[in-house]
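Coordinate inspection notes
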Amino acid sequence: MQKFSVLTKEQQDHKMFFALLILMILATLLSIWYGRPAYAAWFMLATIGIAIVLALDIDTPLNLTF
Amino acid sequence: MSRLYLIAATLNTLALTFVLVAALIVQFVLGELPCPLCFLQRIAIMACAMGPLFLLAQNRRSALTHRDLAISGGMSVLAALVGIAIATRQVLLHILPGDPGYGGTVLGMHLYTICLLVFIGHALAAGLMLVGASMTESFSPRRWPITNGLFFAFGLVVIINLIGVVMEAGWHWMLPPNPVSYLLMSS
């Protein structure tokens, strides 16, 4: 199935932050519900966390020279 | 104008909840285990819903303000951008000719392709709502009883996803790229 994929199986592995990220989303949801200003911090933590997990997954070198 | 925004936020949340429920059906009913990138897209969809849910929650306390619209729109756009990056990443992984892609298809599209369209649609909707804020000076307070139900339903879906991810990954640090079993049960 991965015959034409650029990455190997090992390279595609993720760090397991998913449960933590979902907990951050839950914290955001609860903060929004109760009107606590902490919602902004939880939301940014979750968003940055998602971006970090995605960045950790990208091992393909970017050819940014033009 | 308040009513229009509340309807938009409600529909937005319902659409995102529907996508998450559909993903859970694919996982638990059809038995197709989500890959790590699929899970990441689900979490981004959850983050996307924080924008419209924020608007609905603020309306419970007082009349909406332009500040509320700005915060809601900002959260929506940020989450949608992250989601677009993840979905594009997965589309590009399977873009080469002959690659069958990951998992089954719905309406002829893989789930990550549908996710990409959902994220783009969400960003567009948030943009429209932000621009639309210029059409009114102030908002009137309005009762919106569906808010509690929406929060409860969405929270439930998030918790089910949390259980799902723990079941699939077990207590392992790494999740296989092509999961074939629930590691919590098999280890």
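In short, a report on the structure.

What counts, and at which threshold
Residues numbered from 1 in each chain as written. Chains lettered and ligands numbered in written order. Predicted model: local features only at pLDDT ≥ 70, side-chain atom pairs only at ≥ 80, totals over all residues. Heavy atoms only, no water. Axes fitted to C-alpha atoms, helices over the stretch in contact; angles between N-to-C directions. Helix = DSSP H or I, 4+ residues; strand = E, 2+ residues; numbered from the N terminus. Parallel < 35°, antiparallel > 145°, perpendicular 65-115°, else oblique. Left-handed = near helix turned anticlockwise from the far one by under 90°. Contact = heavy atoms within 4.5 Å. Nonpolar A, V, L, I, M, F, W, Y, C, P; charged D, E, K, R; others polar. Buried < 20%, exposed > 50% of the residue type's maximum accessible area, 1.4 Å probe, protein only. Patch = residues over 30% accessible without salt bridge, like charges linked within 9 Å, V, L, I, M, F, W, Y side chains within 5 Å. Areas by Shrake-Rupley, 256 points an atom, 1.4 Å probe, with all protein chains shown as cover. Salt bridge = Lys/Arg side-chain N within 4 Å of Asp/Glu carboxyl O. Core = buried A, V, L, I, M, F, W, Y, C linked by side-chain atoms within 4.5 Å. Expected span 1.5 Å × (residues − 1). Arc of directions from axis to C-beta. Polar contact = N/O pair within 3.5 Å; in protein donor to acceptor, adjacent residues only side chain to side chain.

A short note on the packing of helix 3 (residues 66-93) of chain B against helix 4 (residues 111-132) of chain B
All names here are of chain B. Where helix 3 contacts helix 4, the axes come no closer than 8 Å and their chain directions differ by 155°. In terms of orientation, helix 3 lies roughly antiparallel with respect to helix 4. For the element pair helix 3 and helix 4, the recorded crossing hand is left-handed. Contacts between helix 3 and helix 4 involve Leu69, Ala70, Gly73, Ser76, Val77, Ala80, Gly83, Ile84, Ala87, Thr88, Gln90 and Val91 on the former and, on the latter, Tyr112, Thr113, Cys115, Leu116, Phe119, Ile120, His122, Ala123, Ala126 and Leu130. Partitioned by chemical class, the residues of the contact of helix 3 with helix 4 number 15 nonpolar, 7 polar and no charged.

Focus: the packing of helix 1 (residues 18-34) of chain A against helix 2 (residues 36-61) of chain B
Close contact between helix 1 of chain A and helix 2 of chain B brings their axes to 8 Å; oriented N to C, the two are set at 5°. The angle between helix 1 of chain A and helix 2 of chain B falls in the class roughly parallel. On the side of helix 1 of chain A, the interface is formed by Phe18(A), Leu21(A), Ile22(A), Ile25(A), Thr28(A), Leu29(A), Ile32(A), Trp33(A) and Tyr34(A), while helix 2 of chain B contributes Pro36(B), Leu40(B), Ile43(B), Met46(B), Ala47(B), Met50(B), Leu53(B), Phe54(B), Ala57(B), Arg60(B) and Arg61(B).

What to know about the side chain of Asn161(B)
Its place among the elements puts Asn161(B) in helix 5 (residues 146-169). Look at Asn161(B) and you get buried, because its relative accessible area is 1%. In this structure, Asn161(B) is in contact with Ile22(A), Leu20(B), Leu24(B), Phe39(B), Arg42(B) and Met46(B), ignoring residues within four places of it in sequence.

Brief notes about a nonpolar patch on the surface
Residues and elements named next belong to chain B. Side chains of Val21, Ile25, Phe28, Val29, Leu30, Phe152, Leu156 and Ile160 sit close together on the surface and give an oily, nonpolar patch of about 780 Å² of accessible area. For the nonpolar patch, the elements supplying multiple residues, two or more each, are helix 1 (2-28) and helix 5. Mapped onto the secondary structure, Ile25 falls in helix 1. Residue Ile25 is classed as partly exposed on the basis of its relative accessible area, which comes to 43%.

Examining the nonpolar core
If you look at the biggest cluster of nonpolar residues, it comprises 66 residues, and the most contacted ones within it are Leu40(B), Met50(B) and Phe154(B). Listing elements by their share of this core, those giving two or more residues are helix 1 and helix 2 (39-57) of chain A together with helix 1, helix 2, helix 3, helix 4 and helix 5 of chain B. In contact with Met50(B), not counting residues within four places along its chain, are Ile25(A), Thr28(A), Leu29(A), Ile32(A), Phe43(A), Met75(B) and Phe154(B).

Focus on the environment of Arg42(B)
Here Arg42(B) is to be found in helix 2. Beyond its immediate chain neighbours, meaning those up to four positions away, Arg42(B) contacts Leu20(B), Ala23(B), Leu24(B), Gln27(B), Pro34(B) and Asn161(B).

Remarks on helix 2 of chain A
Residue and element names in this part refer to chain A. In this model helix 2 runs 27 Å from its N-terminal to its C-terminal C-alpha over 19 residues, within 8% of the 27 Å that 1.5 Å per residue would give. All of the buried residues along helix 2 are Tyr39, Phe43, Ala46, Thr47, Gly49, Ile50, Val53, Leu54 and Asp57. Taken around the axis of helix 2, the buried residues stretch over an arc of 155°, which confines them to a single face.

Description of the side chain of Thr147(B)
With respect to the helices and strands, the residue Thr147(B) is situated in helix 5. Looking at Thr147(B), the relative accessible area reads 1%, which means it is buried. Polar side-chain contacts of Thr147(B) include one of 2.9 Å to the backbone oxygen of Trp144(B). The contacts of Thr147(B), once residues within four sequence positions are left out, are Trp33(A), Leu56(B) and Arg60(B).

None of the figures reported here should be taken as evidence of function without further support.
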